[in-house]
Amino acid sequence: MSQMQENAVPNTTQADEQSLRRSALDRSLGYRLRLAQILAYRQFEEKLTDHGAAPRYLGLLSLVLANPGQPQNKLAEAVGLQKSSLVTILDRLEKDGILRRGAIPEDRRAKGVWLTDKGETAVATLSQHAMEHDEKMMRTIAPADRERLLDMLGEMIDNIRA
């Protein structure tokens, strides 16, 4: 058998019967967190296709709801994004009528961010869906373990930011 044949992708029947081997990163915390995040948000967004980009940025929108008028750079820092990346996101959400930006009275050079009425409604609706989605994701995890998991993730975030 040639080298090419040995490395060939198995036919569909063989691939269906075999699962992929675990990767070297299977026990890596960073890899597992990222995989969980990708799967969780993909499933969440697939259910909420009639809300535009808002589901993808629910965390940011919730932060704006809790802290109206905050400068863009402060929001970028809070969600772990570069300011230029956040600006692109805010442009899209502003275009969708979810939020508005404007001058901050104390510092006219900085732009503050506020939700519109449509944005507030979207956050309320999407937050309810997010809570239901969280419940589904953690259905087999005991309540005390859920709390500990959230606490540990908070500690990790603090460690990363330190």
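Predicted model only: the values in this text are computed from it and were never measured.

A. Fine view of the nonpolar core. Membership of the largest hydrophobic core comes to 23 residues, with the highest contact counts inside it found for Leu60, Leu61, Leu93, Leu99 and Leu115. Of all the secondary-structure elements, those providing two or more residues to this core are α4 (58-66), α5 (72-79), α6 (83-95), β3 (107-115) and α7 (117-137).

B. Spotlight on the sheet that holds β3. The sheet built from three strands is open, its strands ordered β1-β3-β2 with antiparallel pairing. If you trace the sheet from one side to the other, it starts and ends with β1 (70-71) and β2 (99-104), each paired once. Most of the contacts of α6 go to β2, to which it runs at about 120 degrees, and overall it touches β2 and β3.

C. Spatial organisation of the pattern of salt bridges. Per the stated rule, a full pass over the model turns up nine salt bridges. For Glu94, the salt bridge goes to Arg101, with nearest N and O atoms at 2.8 Å. For Arg101, a relative accessible area of 16% gives the class buried. For Asp107, the salt bridge goes to Arg109, with nearest N and O atoms at 3.4 Å. Sharing partners across several salt bridges, the network here consists of Arg22, Asp26 and Arg32.

Procedures and definitions
Residues numbered from 1 in each chain as written. Predicted model: local features only at pLDDT ≥ 70, side-chain atom pairs only at ≥ 80, totals over all residues. Heavy atoms only, no water. Core = buried A, V, L, I, M, F, W, Y, C linked by side-chain atoms within 4.5 Å. Buried < 20%, exposed > 50% of the residue type's maximum accessible area, 1.4 Å probe, protein only. Helix = DSSP H or I, 4+ residues; strand = E, 2+ residues; numbered from the N terminus. Pairing = 2+ DSSP bridges. Contact = heavy atoms within 4.5 Å. Axes fitted to C-alpha atoms, helices over the stretch in contact; angles between N-to-C directions. Salt bridge = Lys/Arg side-chain N within 4 Å of Asp/Glu carboxyl O.

Distances and angles like these do not, on their own, reveal function.
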